[in-house]
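Residue-level structural notes
One-letter residues, chain by chain:
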Amino acid sequence: MVAFGQVVIGPPGSGKSTYCTGIHDILVELGRKVVVVNLDPANDQLPYKCGIDVSDLISLSEVMDTLKLGPNGGLIYCIEYLEKNIDWLQTQLCKFKDHYLLFDCPGQVELYTHHKSVKNIFAQLLKWDFRLAAVHLVDAHYCCDPSKFVSVLLTSLSTMLQVELPHVNVLSKVDLIQQYGKMAFNIDFYTDVLDVEYLLDRLQDDPFTAKFKQFNKALCGVVDDYSLVSFNTLNIQDRDSILRVLKVVDKANGYVFGDAEKRDLYSLMSSAVGAEFEYLKTADVRERYMDEDEESGEEVDVT
């Protein structure tokens, strides 16, 4: 039986567990059977009811104590152990055959950028007929710092290429975006990633990054050449914001085209062609979380 779900990834503190809690409550409200799977052996304080917990198989604290490893090395060991004992995960998942799955994953970035164990685990889930989409959360405040935003773009791109799943990048905590300073451009520039080289002038304003002009230009060129990265915005406290992200994820993993819920032809065709206007994706963010000065930030002409 085909099962649908999300693998929730992102750096530490980006709001993965909070996202799982919020999306779980919305899905239950919509009438879906949902189970949250904690794949982070370092996460011992879960804000949600956990159906499957990797800590029942292996614990980071025990690995660190026994093998005298640090947190990063210990976490890699735990994920490699899970990969080698993937039958344990299959047995646990068989208990929830008719459920929508939320996989709360570790926050260590290298697990998704170049280490292969997480990729192999996801690949095995696909072989078991799970239809998954990766939801990659990053803090929205990185938009306020050009050098950090370029780093986020490179990390997101590397993760997309390595994980090899339908991918939804999300700027989380967008309601707090103004607390970290003014953005160089309006919010659409950052969500649509229109032309990263426009950030080069901003990078040169920083004495540290200015001396790496050619290197920065090459990095921006990599992102533009692939032209894969874009972002959706999320305020986990706002129901409408969660539903907009859920709509994108349902399209990415194919749930919207399944038969688990009643759907009409209009909703299916809207999802297929992306009927929502690009402007409307960020209209709520501009109206609710940005003042007039920031909303009228520098326009970018890419024609």
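The following refers to the structure shown.

The rules behind each value
Residues numbered from 1 in each chain as written. Predicted model: local features only at pLDDT ≥ 70, side-chain atom pairs only at ≥ 80, totals over all residues. Heavy atoms only, no water. Phe/Tyr/Trp six-rings, centres within 6.5 Å; stacked < 30°, edge-to-face > 60°. Buried < 20%, exposed > 50% of the residue type's maximum accessible area, 1.4 Å probe, protein only. Lys NZ or Arg CZ within 6 Å of the ring centre and 35° of its normal. Patch = residues over 30% accessible without salt bridge, like charges linked within 9 Å, V, L, I, M, F, W, Y side chains within 5 Å. Areas by Shrake-Rupley, 256 points an atom, 1.4 Å probe, with all protein chains shown as cover. Salt bridge = Lys/Arg side-chain N within 4 Å of Asp/Glu carboxyl O. Helix = DSSP H or I, 4+ residues; strand = E, 2+ residues; numbered from the N terminus. Core = buried A, V, L, I, M, F, W, Y, C linked by side-chain atoms within 4.5 Å. Contact = heavy atoms within 4.5 Å.

Next up on the list: the packing of aromatic side chains. Using the criterion set out here, one finds eight aromatic pairs in the structure. Between Phe185 and Phe189 the ring centres are 4.5 Å apart and the planes differ by 35 degrees, which places this aromatic pair in the tilted class. Between Phe189 and Tyr190 the ring centres are 5.2 Å apart and the planes differ by 85 degrees, which places this aromatic pair in the edge-to-face class. Overall, the relative accessible area of 2% leaves Phe189 in the buried class. Taken together, the ring pairs connect Phe149, Phe185, Phe189, Tyr190, Tyr198 and Phe231 into an aromatic cluster. Here Arg32 stacks its cationic end above the ring of Tyr100, 5.2 Å away from the centre of that ring. Over the face of the ring belonging to Phe185 we find Arg202, whose NZ or CZ atom lies 5.4 Å from the ring centre.

Attention now moves to a nonpolar patch on the surface. Taken together, Leu67, Leu69, Tyr77 and Tyr81 make up a surface patch of nonpolar side chains, about 310 Å² in accessible area. Tracing the chain through its elements places Tyr77 in helix H3 (residues 71-84). A relative accessible area of 34% means that Tyr77 is categorised as partly exposed.

Right, let's get into unusual backbone geometry. For Glu164, which is not glycine, the phi dihedral falls at a positive 60 degrees. In this structure, Glu164 sits in the loop between helix H7 (146-163) and strand S6 (167-172). Positioned with a positive phi, Lys173 is a non-glycine residue whose angle comes to about 55 degrees. Tracing the chain through its elements places Lys173 in the loop between S6 and helix H8 (187-192).

Bringing the pattern of salt bridges into the picture now. A full pass over the atoms with the stated rule returns six salt bridges. The residue Arg239 makes a salt bridge to Glu29 at a minimum N-O spacing of 2.6 Å. With Arg239 in helix H12 (residues 239-253) and Glu29 in helix H1 (residues 16-29), the pair connects residues that are 210 residues apart, well separated along the chain. By relative accessible area, Arg239 is classed as partly exposed at 37%. A salt bridge links Arg131 to Asp129, with the nearest nitrogen and oxygen atoms 3.4 Å apart.

Core analysis: the biggest nonpolar cluster contains 35 residues, and Leu89, Leu93, Phe103 and Leu125 have the highest contact counts within it. In this structure, Leu125 is in contact with Leu89, Leu93, Phe103, Phe130 and Leu132, ignoring residues within four places of it in sequence. Leu153, Met160, Leu171 and Phe231 belong to the second largest nonpolar core, which has 28 residues in total.

Worth remembering: the numbers are spatial, not functional.
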